[in-house]
Amino acid sequence: MAINLQKGQRENINAPKFTIGLGWDTNISSTGTSFDLDASAFIVGANGKILSDAHFIFYNNLKAPDESVIHTGDNLTGDGDGDDEQIKIDLTKIDSAVKEICIVVTIHDAQDRKQNFGQVRNSFIRIVDDSNNTEMVKYELEEDFSIETAVEFGRIYNKEGQWKFEAMGVGMKGGLEDYLNKYN
């Protein structure tokens, strides 16, 4: 049975291979334009910065150099139930320099389309154990991000050799660029 987390809660990840599922629903009628939300992963070292440009995983760079983090592809509409985008993590392949993997979702062309996360609902991040397809943890974002165009849903981090997940729910109004500045 999955553990439903609240913002700021942490839970151990006791699976070497797992899938991060991200989902959301959008309100097209509020802007008249379709939404394109994009999941990204920032693979970060002890200094809080990505290890290299190749360690920023998104729709144009789907795999980490060691293939420990793999984005399964861009969903341009978010239609349907379940996960809209997925990122697969294999901790058996991860470089020892990696201390954190930050999972961010951004709205593509948010400024031009006049869109923000206040128009997005039913957002979640979940972690599924690949060995048995069991959902381990889930975090449903409940905040109203009415000016934010990017949200850090959660992070996976290594503390004293144990990998953990933290439910974040932290938004930024500068979109993906704010997170690129933060982690570069």
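Small disclaimer: the values here were computed from a predicted structure and weren't measured.

Would you take a moment to explain the packing of aromatic side chains for this structure?
Each aromatic ring pair is described using two quantities: the centre-to-centre distance and the angle formed by the ring planes. All chains considered together, the criterion is met by five aromatic pairs. Judged by centre distance (4.5 Å) and plane angle (15 degrees), the rings of phenylalanine 56 and phenylalanine 58 are stacked. Side by side, phenylalanine 56 and phenylalanine 58 carry an identical accessibility label, which is buried. Between the aromatic rings of tyrosine 179 and tyrosine 183, the centroid separation amounts to 6.5 Å while the plane-to-plane angle is 15 degrees, which identifies the pairing as stacked. One end of the pair, tyrosine 179, and the other, tyrosine 183, are both in helix α2 (residues 176-183), four residues apart, so they sit about a helical turn from each other. One exposure class covers both tyrosine 179 and tyrosine 183, and it is buried.

What am I meant to see in the side chain of glutamine 119 here?
Structurally, the position occupied by glutamine 119 is in the loop between α1 (110-113) and β9 (120-129). Polar contacts involving the side chain of glutamine 119 include one to the main-chain amide nitrogen of asparagine 116, which spans 2.8 Å.

Reading the values: rules and limits
- Residues numbered from 1 in each chain as written.
- Predicted model: local features only at pLDDT ≥ 70, side-chain atom pairs only at ≥ 80, totals over all residues.
- Heavy atoms only, no water.
- Phe/Tyr/Trp six-rings, centres within 6.5 Å; stacked < 30°, edge-to-face > 60°.
- Buried < 20%, exposed > 50% of the residue type's maximum accessible area, 1.4 Å probe, protein only.
- Helix = DSSP H or I, 4+ residues; strand = E, 2+ residues; numbered from the N terminus.
- Polar contact = N/O pair within 3.5 Å; in protein donor to acceptor, adjacent residues only side chain to side chain.

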